[in-house]
Structures are given as C-alpha cells and as structure tokens.
Amino acid sequence: MNDEIFTLPYKALKRIDKAFHLEMIGQELKEIPEEIFELKNLKTLNLQSNLLEKIPPEISKLTKLEKLTISYNLLSGLPDEINHLTKLKELNLNNNNFFKIPAAISNLKELKKINLSSNRIEKIDSFVSNMKQLEKIELARNSLAEINKDFFKISNLSYLDISENNLKKIPGDFVKFLSLNTLIMHSNLIENIPAEIGNITSLEWLDLSYNNISKIPDEISNLKNLIGLFLNNNKLKFLNDSLTKLNELEQLYLNYNSLKKIPKYMGKMKNLHNLEMDCNELTELPDSICSIHTLREMSIDDNNINKLPECLKEMRNLKMLILSNNPLDKKIKNELENNLSDCKIVF
C-alpha cells in the first residue's frame, strides 16, 4: 500500500484511512472533504485543478505530510495552522490568486521547494529571510518589480525562477547565493548584467533571454561551471572574448539579437554542443568554429552570410546545420551536402 496513489471520489475516502498518497485532481471541489483530514498517514496530497478558495484550519491534522499540491485553484491565502505541517518539504501553490507570499509558511523549517508561479505577487516580504533552508523557489509569471535584500538571506538556494515579471535589474546581492545552480530571469525588463554576476561561480544554467540586454560584462568568464547560457531575444550588437573562456559551456543561445560578428576565438569553447545564432546580422563565421569538435547542432538561420569557413565541411560530428535565409551560392551548398552526409542541413 505504501506505493499506491489514489485518485478517488471523496465518498471512497473512508475506506483508505491508511493511504500514504492521495490525488483528487480536477474534481471541481469547492472545499476539501473533511474526511481527508482523518488520513493521518498521508505523505503527499494533490488537490490540483479544483475550485478551492480557501484551506481550512483542519489541514494541521496532516502532520506527516511531506508534499502538498494545491495549484490551479482560487486561493488567495493560507491558514496559520499550516505551520503545523512540520515535515512538509514541497509546497506547490502555482496558478492561484496570491497577491503576496503567505506569511503562514515562514515557520515551515523543513520546506525545501515552493512554487508560487502564475499568481499576482508584487513584492517579497521580509519574513522570507527566516526561510534559509529553501533550495528551490519558483516565482515566475507574477508582478515583481524588485527584489528586496531580505530575499538574499536564503543562503541554501540552488534554483530560482523569477521569469516573466517586471524586474529592471539583476541585483548585485545575487552573489550571496553561494549554492545557486540555476537562475532563470527571462522575459523581464533587464538592461544590464552586473559585473557581480561573475562571483556566482556555482551557476550552471543562466537564462536571461527576452530582456533588453545590450552588453555582456567581461566578468561572465568567471562562471567556469556554466553549462547553459540563454541570451536570445535581447539587444546585443557585439560579443567580447569573455564568452570564449566558458570552457564547460554546452548550450549557447544568441538568436534574435543584432550581432554583426562573433568572437574570433570561438573555437576555444571545446564542450559546446548546441549553438543558435538565428536572426542576427552576421556576415561570416570565424574559422576557429571548426575547432569545436563537440558541436552537434548549429543554427544560423536568417543572417547575411554569403560565405562559410572552408573547414566547415570537415565538421563531421555535426548532426544538424540550419543555414536557411542566407545568401549562400549553390556551390557552397553542394559542397556541404557532399561532405556532411550524416548531417541534416536546412538551406
């Protein structure tokens, strides 16, 4: 029974008093059946996609609960009694009507993951500084315009998604997140990347796409552990050589900018697997790009490229090459097709 997951109408609840996992998804519940609160052994409870407007104080009876999902409902608050769920590790409240982070969760000392994406949150209150144990926070698709200093006291944070908000800058205080592995800030109003970004050396994934960034600081070269960098859909006009020092980088997305050229020493990026540079103003590629023997997919659609490095036809590890909407002559196309027989080429 320990591994069973129940998806049942509430009338059947009395027969599963020893359940460990319970799902009541999409059943148009307007309130939580009181029988649920007698399931004292529950470890996970999923009430996703219902019509719940509030959670009753009786939630406090589920003291063994480790994961609670009440996403896609109509909640705007939580009862103070939720702080009795002292074993709760994960709380999913995305797609509700919260205007602020509920203060009731501040005493959940075992809570590691919280998802509050797709709400109406406008600010982060100071009480979050008490939640130092949090490791993953999702606040995407809210109305945040700034991040206050108390937020940066969450010292164990490894994953942060604050995409699709109204943030205009990346605070320098991000350097206080010594364990931050993933930072997702796409679709904001950011214009500059601060030099301090180079001090978050634990970063492996950085997504700053769909912003208004026009320059990359030299200090980004200090992110020696970076695997994925997403800078697409910005206002970049040039790239400095700092990017070429990211030796562990596997995925680089630069599409939809205004780049006229890419760094001469691009070939130093010895671990690059995916490179996307669509919809820029490139006229050529540096010969050094042929030195990236790990490259599997490269897309440079919709540029002004009329010639390619001769060595490109020797890049037999390529599996996908997208060159459409460039003024390439037929001879170049034929040579590529004849030499890269294992590569899917799109002209």
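Computed from a prediction, not measured in an experiment: that's the story for all the values here.

**Side note on the overall build of the protein**
Part 1 of the reasoning: Along its length, the protein carries one helix and 16 strands.
Part 2 of the reasoning: With the principal axes as the frame, the protein shows a C-alpha extent of 75 × 40 × 25 Å.
Part 3 of the reasoning: Across the 347 residues in the protein, those meeting the buried criterion constitute 52%.
Part 4 of the reasoning: At a minimum sequence separation of 6, the contacts of the protein that also span at least 24 residues come to 24%.

**Thoughts on empty space enclosed by the protein**
Part 1 of the reasoning: Summed over all chains, the structure comprises one cavity of 30 Å³ or more.
Part 2 of the reasoning: What the largest cavity holds in volume is close to 60 Å³.
Part 3 of the reasoning: For the largest cavity, the full set of lining residues is Ile 101, Ile 105, Ile 114, Leu 116, Val 128, Met 131, Leu 134, Ile 137, Leu 139, Phe 151 and Ile 154.

**Examining the pattern of salt bridges**
Part 1 of the reasoning: Under the counting rule described, the total for this entry stands at twelve salt bridges.
Part 2 of the reasoning: Between Asp 173 and Lys 149 there is a salt bridge, with its nearest N and O atoms 2.9 Å apart. Linking Asp 173 in the loop between β8 (159–161) and β9 (182–184) with Lys 149 in the loop between β7 (136–138) and β8, this pair joins segments that are 24 residues apart in sequence.
Part 3 of the reasoning: Lys 313 is the salt-bridge partner of Glu 310, the closest N and O atoms lying 3.2 Å from each other.
Part 4 of the reasoning: Owing to a relative accessible area of 18%, Lys 313 belongs among the buried residues under this scheme.
Part 5 of the reasoning: Through salt bridges that share partners, Lys 149, Asp 173 and Lys 176 make up one connected network.

**A closer look at the state of the cysteines**
Two cysteines joined by a covalent bond between their sulfur atoms form a disulfide.
Part 1 of the reasoning: Here the structure, examined in full by the defined rule, presents one disulfide.
Part 2 of the reasoning: Note on cysteine connectivity: Cys 290 is disulfide-linked to Cys 311, with sulfurs 2.0 Å apart. Disulfide Cys 290 to Cys 311: torsion about the S-S bond roughly 75°, handedness right-handed. With a gap of 21 residues between them, Cys 290 in the loop between β13 (274–276) and β14 (297–299) and Cys 311 in the loop between β14 and β15 (320–322) connect regions that are remote in the sequence.
Part 3 of the reasoning: Look at Cys 290 and you get buried, because its relative accessible area is 11%.
Part 4 of the reasoning: The partly exposed category is assigned to Cys 311, whose relative accessible area is 26%.
Part 5 of the reasoning: Free cysteine Cys 279: the closest other cysteine sulfur is in Cys 343, separated by 19 Å.
Part 6 of the reasoning: When its relative accessible area of 15% is taken as the criterion, Cys 279 is described as buried.
Part 7 of the reasoning: Cys 343 takes part in no disulfide bond, and the closest cysteine sulfur, belonging to Cys 290, lies 13 Å away.

Criteria and thresholds
Residues numbered from 1 in each chain as written. Predicted model: local features only at pLDDT ≥ 70, side-chain atom pairs only at ≥ 80, totals over all residues. Heavy atoms only, no water. Helix = DSSP H or I, 4+ residues; strand = E, 2+ residues; numbered from the N terminus. Buried < 20%, exposed > 50% of the residue type's maximum accessible area, 1.4 Å probe, protein only. Contact = heavy atoms within 4.5 Å. 1 Å grid on protein atoms, 1.4 Å probe; cavity = no way out; pocket = protein on both sides within 12 Å on 5 of 7 lines; lining within 4 Å. Points joined across faces, edges and corners; volume = space filled by probe spheres on them. Salt bridge = Lys/Arg side-chain N within 4 Å of Asp/Glu carboxyl O. Disulfide = S-S within 2.5 Å.

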